[in-house]
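Summary of the model geometry
Take a look at the letters that make up each chain.
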Amino acid sequence: MADIIDGRKIGDEVVATVKQATAELVAKTGVTPGLAVVIVGEDPASQVYVSSKSKKAKECGFHSAQHTLPADTPQDVLLSLIAGLNVDPAIHGILVQLPLPAHIDAGAVIQSISPDKDVDGFHFVNVGKLGTGETATAFVPCTPAGSMLLIERVRGKDLSGLTAVVVGRSNIVGKPMANLLLAANCTVTIAHSRTRDIAALARTADILVAAVGRPEMIKGDWVKPGATVVDVGINRIDAPEKGEGKTRLVGDVDFATASLHAGAITPVPGGVGPMTIAMLMANTLVSACRAAGVAAPKF
Ligand code: GUN
C-alpha cells in the first residue's frame, strides 16, 4: 500500500512560512503583499476557488482585493481594470480566474497582466523563463509548482536518472510541469489524447503526473511498482451510493487500484488542491519581496 502524500499538511507548512515572512516584510519595510483576484461571471466552481484564494490571502496577512464583474463585462473594461492594477503600488499579484466568458479573448487578457505581477505564471515572459530554466526569476504556475514540492518531499530535489510521464499537455499544468521535472533532471515525456499506448508509457514512469480532467482514467496496472503518483485532476462525479442526486470528487487516477502499486500517491481531495492555493500565496509574497528589494524565502 502506497504512502499517502498529505497536501493539506504540506500546504499548511508553506502558508506558515508565507505568514511569518509577510510579518517580517511588513515590520522591516512597511510593504504589505497585495493580491488582486478578478472573476468575470457566475461560474459556481470559479466562485468557490476565488473566495478561497481571497480568504487565504487575508489569513497570510496580505491586502486582498477581489473584483467580481458581471458575465457580460466588455473586454476593454476588463483590460482597463488590469491596466490600473498593473500600476497600483499596493498590488503585487494579479490573478484573473479562468475560464473567462466566451466573448473575452483570454490570451489577450493574460498577456495584459504585468509579468512582474503575474503570480499565475501564465504570461509569455514567465513561460519563457521557465522554459529556459530561469526558475530563479520566473513566476511558476501554482499547480505544477505545488506538485513539484510534493514530489520533492518524496524523492528529494534532484531527480537525476528518474523517468517522468506527464499525462496532459495544458498550458496551465502539463507543459509547465514537464519543464519543472526537466529542470530537476528527470527524463520527461508528455502523453496526451493522441498518444498511442498511454498505459504502456505510464508504466515506465518513476514519477507519474495526471492532469487530463478525466475521472479515474489512470488505472492501477498503469502504475510502475513504487512510482510516485501525483493526481492533479478534480472531477465531480455522481455518487448514487451516497443517496439520490449526491456527488463526490475524484481525481484523474483510480486511487483504489493505483495505491496498490504506487510507492506514494496524492489523494483527491487533500493532495494537489491545497498546494495550488499555497503556491499562489508564495508567489505573491515573492513578488512583494522583489518590489521591496528584499530576499524572499525559498519554497
Ligand atoms: N482556473 C483553473 N485553474 C486556474 C489557475 O491556476 N489560475 C487561474 N487564474 N484560473 C484557473
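Residues numbered from 1 in each chain as written. Predicted model: local features only at pLDDT ≥ 70, side-chain atom pairs only at ≥ 80, totals over all residues. Heavy atoms only, no water.

**Some details on the layout of surface pockets**
Here the largest pocket is characterised by a volume of approximately 1,400 Å³. As for the largest pocket, its lining consists of 47 residues, of which Tyr49, Thr143, Ile234, Gly273 and Thr276 are closest to the centre. Grouping the constituent residues of the lining of the largest pocket by class yields 25 nonpolar, 13 polar and nine charged. What lines the second largest pocket is a set of 25 residues, among which Thr135, Ala136, Val140, Lys298 and Phe299 lie closest to the centre. Mapped by element, the contributors of at least two residues to the lining of the second largest pocket are helix H6 (142–155), helix H7 (174–183) and helix H10 (272–292). By residue number, the principal contributor to the lining of the second largest pocket is H10, which donates six residues. By residue class, the composition of the lining of the second largest pocket is 19 nonpolar, two polar and four charged. (1 Å grid on protein atoms, 1.4 Å probe; cavity = no way out; pocket = protein on both sides within 12 Å on 5 of 7 lines; lining within 4 Å. Points joined across faces, edges and corners; volume = space filled by probe spheres on them. Nonpolar A, V, L, I, M, F, W, Y, C, P; charged D, E, K, R; others polar. Helix = DSSP H or I, 4+ residues; strand = E, 2+ residues; numbered from the N terminus.)

**Looking at helix H3 (residues 75–86)**
In this model, H3 (12 residues) spans 16 Å end to end at C-alpha, consistent with the 16 Å of a helix rising 1.5 Å per residue. For H3, the complete set of buried residues consists of Leu78, Ile82, Leu85 and Asn86. Down the axis, H3 shows its buried residues gathered within 105° of arc, on one side only. Of the surrounding elements, those touching the buried residues of H3 are strand S2 (34–40), strand S3 (63–69), strand S4 (93–96) and helix H4 (106–112). (Expected span 1.5 Å × (residues − 1). Buried < 20%, exposed > 50% of the residue type's maximum accessible area, 1.4 Å probe, protein only. Arc of directions from axis to C-beta. Contact = heavy atoms within 4.5 Å.)

**Remarks on the site of the ligand**
Surveying the vicinity of the ligand reveals the residues Leu95, Val96, Gln97, Leu98, Asp120 and Phe122. Between the ligand and the protein, one listed contact pairs a nitrogen atom with a backbone N or O atom of Val96 at 2.8 Å. If the ligand stood free it would expose 280 Å²; the protein chains cover 79% of that surface. Here the ligand occupies the largest pocket. Broken down by class, the residue content of the shell around the ligand amounts to four nonpolar, one polar and one charged. (Near = heavy atom within 4 Å. Polar contact = N/O pair within 3.5 Å; in protein donor to acceptor, adjacent residues only side chain to side chain. Areas by Shrake-Rupley, 256 points an atom, 1.4 Å probe, with all protein chains shown as cover. Sits in = over half its atoms within 2 Å of the grid points.)

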